[in-house]
Amino acid sequence: MTDTHHPTFVTFTTGALLLQELDLVDSITADGLREMARRPENQDWWKFGDGPGQTPYIVVGRTRTMETGIFLSMFRQGPRRGGRGRKPKT
């Protein structure tokens, strides 16, 4: 399920910008997101990939894209993540 106010898919670059726009992180870059996706300790949290229970990336040309609704839900749930993420708002 996607939010109709946002694109259906994001890239690592547009996803980083959207996270900042929605104030889900203080700052993050596309490279920061890629690093999160690669870290073994994020394996259970990162929802995209080829593993069991993961949502496959949609490849457009040479660019991996992610379904926006799933992408945003990762950052809306649990602790704040990202470059200089803040503690959850209470």
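Everything that follows concerns the structure shown earlier in this document.
Values in this document were obtained by computation on a predicted structure and should not be read as measured data.

What counts, and at which threshold
- Residues numbered from 1 in each chain as written.
- Predicted model: local features only at pLDDT ≥ 70, side-chain atom pairs only at ≥ 80, totals over all residues.
- Heavy atoms only, no water.
- Phe/Tyr/Trp six-rings, centres within 6.5 Å; stacked < 30°, edge-to-face > 60°.
- Lys NZ or Arg CZ within 6 Å of the ring centre and 35° of its normal.
- Pairing = 2+ DSSP bridges.
- Helix = DSSP H or I, 4+ residues; strand = E, 2+ residues; numbered from the N terminus.
- Contact = heavy atoms within 4.5 Å.
- Axes fitted to C-alpha atoms, helices over the stretch in contact; angles between N-to-C directions.
- Core = buried A, V, L, I, M, F, W, Y, C linked by side-chain atoms within 4.5 Å.
- Buried < 20%, exposed > 50% of the residue type's maximum accessible area, 1.4 Å probe, protein only.
- Salt bridge = Lys/Arg side-chain N within 4 Å of Asp/Glu carboxyl O.
- Lys, Arg positive; Asp, Glu negative; His and termini not counted.
- Polar contact = N/O pair within 3.5 Å; in protein donor to acceptor, adjacent residues only side chain to side chain.

## Brief notes about the packing of aromatic side chains
Aromatic rings in a pair are described by how distant their centres are and how their planes are angled relative to each other.
Thought 1: A full pass over the atoms with the stated rule returns 7 aromatic pairs.
Thought 2: Linked through ring pairs, Phe-12, Trp-45, Trp-46, Phe-48, Tyr-57, Phe-71 and Phe-75 together constitute an aromatic cluster.
Thought 3: Its guanidinium or amino end placed over the ring of Tyr-57, Arg-64 lies 4.8 Å from that ring's centre, counting from NZ or CZ.

## Description of the sheet that holds strand 3 (residues 63-67)
Thought 1: Strand order in the open sheet formed by 3 strands is 1-3-2, and the pairing between neighbours is antiparallel. Across the chains shown, the open sheet's two edge strands, defined by having one partner strand only, are strand 1 (9-10) and strand 2 (58-60).
Thought 2: In the sheet, strand 2 pairs with strand 3 via 3 bridges, with the strands oriented antiparallel. Its bridge partner being in strand 3, Val-60 is matched across the sheet by Thr-63.
Thought 3: Its contacts with the sheet put helix 3 (residues 68-76) on strand 1 and strand 3, and the angle it makes with strand 3 is roughly 75°.

## Some thoughts on the nonpolar core
Thought 1: Of all hydrophobic cores here, the largest spans 20 residues; its most connected members are Leu-19, Leu-33, Trp-46, Met-66, Phe-71 and Phe-75.
Thought 2: Of all the elements in the fold, those that place two or more residues in this core are helix 1 (12-21), helix 2 (30-38) and helix 3.
Thought 3: Dropping the residues within four chain positions of it, Phe-71 is found in contact with Val-10, Gly-15, Leu-19, Leu-33, Trp-46, Phe-48 and Met-66.

## Side note on the side chain of Thr-68
Thought 1: Tracing the chain through its elements places Thr-68 in helix 3.
Thought 2: Excluding residues within four positions of it along the chain, Thr-68 makes contact with His-6, Pro-7, Thr-8, Phe-9, Val-10 and Leu-18.

## A short note on the pattern of salt bridges
Thought 1: Inspection of the entire model under this criterion finds 4 salt bridges.
Thought 2: Here Arg-34 ties to Asp-31 by a salt bridge, and the two come within 2.8 Å at their closest N and O atoms. On the criterion of helical spacing, the pair formed by Arg-34 and Asp-31 is a turn pair, its members being 3 residues apart in helix 2.
Thought 3: Notably, a salt bridge pairs Glu-35 with Arg-38, separated by 3.8 Å at the nearest N-O pair. With Glu-35 and Arg-38 both in helix 2, this residue pair falls 3 residues apart, about one helical turn.
Thought 4: Classification of Glu-35 by relative accessible area gives partly exposed; the value is 33%.
Thought 5: One salt-bridge network, in which partners are shared between bridges, spans Glu-35, Arg-38, Arg-39 and Glu-41.

## Quick look at the side chain of Glu-67
Thought 1: On the secondary structure map, Glu-67 appears in strand 3.
Thought 2: One buried charged side chain, Glu-67, makes no salt bridge at all; its nearest oppositely charged neighbour is Arg-76, positioned 9.8 Å away.
Thought 3: Among the polar contacts made by the side chain of Glu-67, one reaches the main-chain amide nitrogen of Ile-70 at a distance of 2.9 Å.

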